[in-house]
Amino acid sequence: MGVDNRQIQTAVLADPESDDPVVCPTDAAELDEFREEFSGTTFWCGILLGGCGGQLLTRRGNVRVSHFAHFPDPDGVLPPCGRRSRGVASADHLYVRAATQGWLRSQGHTPRYHYIDRDDAPVGTLVEIELSGHTLLLHMDRTMPPDWDAPEASDIILGPGVQIDHRTLARRGYVNRVRFVSEGNQRVMMLGTELPHVGTDWDFELADCTVDEHGRLITPVVTRLRAARAGEGRTPLPQPRAENVEGPVQIGALTRLINAAVREKETGTVRQLRDSAELQVPRCEGQALEHLQRAIDHANDWIGQQDRTRRRFFTRLDEAVRHSHVFEVSTLTPQIRRLILRDEATTPQETGILDAADTLLQEARRRAAQDRQKAEARRAAQAQEREARRAAQAEEREAIRAAQAEERRARRVAEAQEREAQLVAQAQERKARNRARGQVQSITGRLRREELSATEQEQLVEDLVLAAKEAGDLLSADEQRKVDKWTEKLTDTSEQVAAGKASPAVKPQQDKITIPAGMPAHLAPAAAAVRGALKKAARERTTTSWDRLEHQLGSALPPLSSTERIQILVQIDRPTAGDEPLLSSLLAAGDPHFACQYYRHVLAALGLDAPDDDEDLRDVVEADAEQVFTDRRFR
């Protein structure tokens, strides 16, 4: 498929004959916004831009600037296009209407715009603005000299770079100028006035200018100049040109006139001169007759060729009209009008074909205008939707910021409350540990002073151990030695009693776990600590293990044998009702090895049945753990 590298910067909207121009942004990011703004609108290489009338697309520039490009045909071939100017200034003559229409209407004028297109003045060179019998002529092409004596122009305004010689400027007294600057994807018109030996003054607004009753553009500079000339008794207006007096046509000049008319392609003039030459044939003889006859033959040949071309054009136009080929009609109609502009009047058949073409184009323009209105309405709706979306996003962002601020405030309040609670808890903990230290001192004093039975001593030592654990590092070294002394003493006494009761003939079996009926006193603190940890895990809906308990409880849970662990769990779950799950199921669920090896002993000691299969036991443990989570959720 062909790639169009002509880098066209301007186009027209909606249809090939539109006079609504647009400039393609060169920046890739701006092109994305441009495409969104004009979504649903077509771009064309406009006839009024000197283009081919083909449809254009926007091409995103990665290395070069973004630009318009032609659509290739189905075979991938790019259409031929004779458009000379493709830059941002190539549509300035179309921006004249957008810049001046509202300004002229505000002065009571009803302007009509004509974009002249002929062989000596291609489209874009001249822009005529009709104003109630007067004409403002904007000369936009710097390569063509202005016709200062053009009879149809009430005032001539020069475009960018159009030159005026010093003598003409001095004779006229001034000349108004126009130039365009880019703003986004639009072009903005500026007016100025050039004075001899002074230059151009651009320092005024379009609203400060008017068009007088003679159809002349009056700027603030012209107003000041007229006032100054009136004071001097002079006039700033250009002097009228002298009328040209046409002399009689000589017979010898007919040949040159015919040949010149043929070169200039003035078909009507060629016909008139040929007819005049044929009337002069009887008056000529010899070499003059030979030259005149040759000119007549040349004229006839050229007229015949023009007639054939004319018939071919009208045939193609008629065919295009009958098949409603709008693009071809819009291309052929201007060509035919240029062809007949310098020829004789059209025949009734040709007039009918042109009228049908005009009707078809008017209908196409009407549909295009409707499409433009729909596109503008769609763009307006999209802009409104974008604005609403931006407003909603801004509101959402504001709500998020407010929520975040509220969350930060709540977090600060919660952190302050937590710090306060921690301080209160620490204070309470210090009070409890101080009370426990006092209790240690009181118990050791009683043990030392009072005569107590073995049972009373054992009970006091158990209370001493619990108080010592609660007091922790607040105990002095001497107080800790006293606690250790009484604990060892109680342990030695318990071992002697157990040894006296044991049979010397029975050897303990290492592979069988025997659960004593009661739990030793030194395990009571550990049992209390484990019970608290399991209740905390139940509230947090999580399982645990002995390793995790040792890490969590620290010195409150000394190293234990399997038998001691079972004793502690039996002591913890002994008060549990028969229809409630065991707290120890949380430890069994989090420690599969313990569940398989020892948890059955816990169940047996509590008078509960346990499945023989390990998988069945695991299912029972998991079900009991879930029930513990449910029962103790709000305790």
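Because the structure is predicted, anything quoted here is derived from the model rather than measured. Counting restarts for each chain, with residues numbered from 1 along the sequence as it is written. Predicted model: local features are reported for residues with pLDDT of at least 70 only, side-chain atom pairs are reported and counted for 80 or more only, and whole-chain, interface and lining totals are derived from all residues. The side-chain numbers reported here are obtained from all heavy atoms of the structure, hydrogens and water having been left aside.

**Student:** Lay out the side chain of T10 in plain terms, naming residues and giving numbers.
**Tutor:** To qualify as a helix, a DSSP run of H or I must reach at least 4 residues; to qualify as a strand, a run of E must reach at least 2; elements of each kind are numbered from the N terminus. With respect to the secondary-structure elements, T10 resides in strand β1 (residues 10-13). One polar contact links T10 to S90, side chain to side chain, over a distance of 2.5 Å. Any pair of nitrogen or oxygen atoms within 3.5 Å is treated as a polar contact; in protein, a donor-acceptor pairing is required on top of that, and neighbouring residues in sequence qualify only through side-chain atoms on both sides.

**Student:** Go over the sheet that holds strand β11 (residues 186-195), please, and point to the residues and values.
**Tutor:** Read across the open sheet, the seven strands follow the order β6-β7-β8-β9-β10-β11-β12; overall the sheet is mixed. Here the strands that pair on one side only, and so sit at the sheet edges, are β6 (112-115) and β12 (199-201). Pairwise comparison of adjacent strand axes, ignoring direction, gives a mean angle of 30° for this sheet. A strand pair is defined by DSSP finding two or more bridges across the two strands. Direction of pairing for β6 relative to strand β7 (residues 126-131): antiparallel, over a ladder of four bridges. Bridged to R112 within β7 is E130. Lines fitted to the C-alpha atoms define the axes, with helices restricted to the stretch that makes contact. Angles between their N-to-C directions range from 0 to 180 degrees.

**Student:** Please provide a residue-by-residue account of the confidence of the model for the protein, values included.
**Tutor:** A residue-level look at the protein finds 90% of positions with pLDDT of 70 or above and a mean pLDDT of 81. Confidence scores per residue from the predictor, reported as pLDDT, run from 0 to 100. Throughout, a residue-residue contact means that at least one pair of heavy atoms, one from each residue, lies within 4.5 Å. Throughout residues 234-249 the model reports pLDDT below 50, and contacts reaching past four residues in sequence, or to other chains, amount to 19 contacts. Overall, residues 502-512 carries pLDDT values under 50, and its contacts beyond four positions in sequence, including any with other chains, amount to zero contacts.

**Student:** Which residues make up the pattern of salt bridges, and what values go with them?
**Tutor:** A carboxyl oxygen of Asp or Glu within 4 Å of a side-chain nitrogen of Lys or Arg is what we treat as a salt bridge. Counted by the stated rule, this structure contains 33 salt bridges. Here E36 makes a salt bridge to R386, at a shortest N to O gap of 3.5 Å. With E36 in helix α1 (residues 28-37) and R386 in helix α9 (residues 348-449), this residue pair connects regions lying 350 residues apart in the sequence. A 1.4 Å probe rolled over the protein chains alone gives each residue an accessible area, and that area as a share of the maximum for its type sets the label: buried under 20%, exposed over 50%, partly exposed in between. Judged by relative accessible area, which is 38%, E36 ranks as partly exposed.

**Student:** Explain the pairing of strand β9 (residues 155-158) to me, using residue names and the numbers behind them.
**Tutor:** Along a regular strand, successive side chains alternate from one face of the sheet to the other. Side chains of β9 alternate between two faces, with D155 and I157 and I156 and L158 buried alike. Across four bridges, the pairing between strand β8 (residues 134-139) and β9 is parallel. Paired with L136 across the strands is D155, a residue of β9. Bridging between β9 and strand β10 (residues 175-183) involves two bridges; their strand directions are parallel. Counterpart to I157 in the pairing with β10 is N176.

**Student:** Give a detailed account of helix α18 (residues 614-631), specifying residues and quantitative values.
**Tutor:** Helix length check: α18 (18 residues) gives 25 Å between terminal C-alpha atoms against 26 Å at 1.5 Å per residue, within 8%. Taken together, the buried positions of α18 are L617, V621, A625, V628 and F629. Down the axis of α18, the smallest arc covering the buried residues is 115°, so these residues share one side. Looking at the buried residues of α18, the elements they touch are α12 (524-539), α15 (585-590), α16 (592-597) and α17 (599-605). Any helix carries an expected span of 1.5 Å times its number of residues minus one. By arc we mean the arc of the directions from the helix axis to the C-beta atoms, nothing more.

**Student:** Can you lay out α12 for me, pointing to particular residues and giving the numbers?
**Tutor:** Taking 1.5 Å as the rise per residue, α12 with 16 residues should run 22 Å; its terminal C-alpha atoms sit 23 Å apart, in good agreement. Within α12, the full set of buried residues consists of P525, A526, A527, A529, V530, A533, L534, A537 and A538. Summarising the contacts, the buried residues of α12 are in contact with α10 (454-471), α13 (546-553), α14 (562-573), α15 and α18. Where α12 terminates, the next one or two residues include R541, which has phi positive at roughly 55°.

**Student:** Just give me the short version of empty space enclosed by the protein, but keep the residues and values in it.
**Tutor:** Every definition here rests on a 1 Å grid over the protein atoms only: cavities are sets of points where a 1.4 Å probe fits but cannot get out, pockets are open sets enclosed by protein on both sides within 12 Å along at least five of seven lines, and lining residues have some atom within 4 Å of a point. Grid points are joined across faces, edges and corners, and a volume is the space filled by probe spheres set on the points. One pass over the structure, following the stated rule, counts three cavities of 30 Å³ or more. By volume, the largest cavity amounts to about 80 Å³. Taken together, T100, W103, L104, I129, L136, L138, I157, V178, M189, L191 and L217 make up the lining of the largest cavity. Secondary-structure elements contributing two or more residues to the lining of the largest cavity are α2 (92-105), β8 and β11. A per-element tally of the lining of the largest cavity places α2 first, with three residues.

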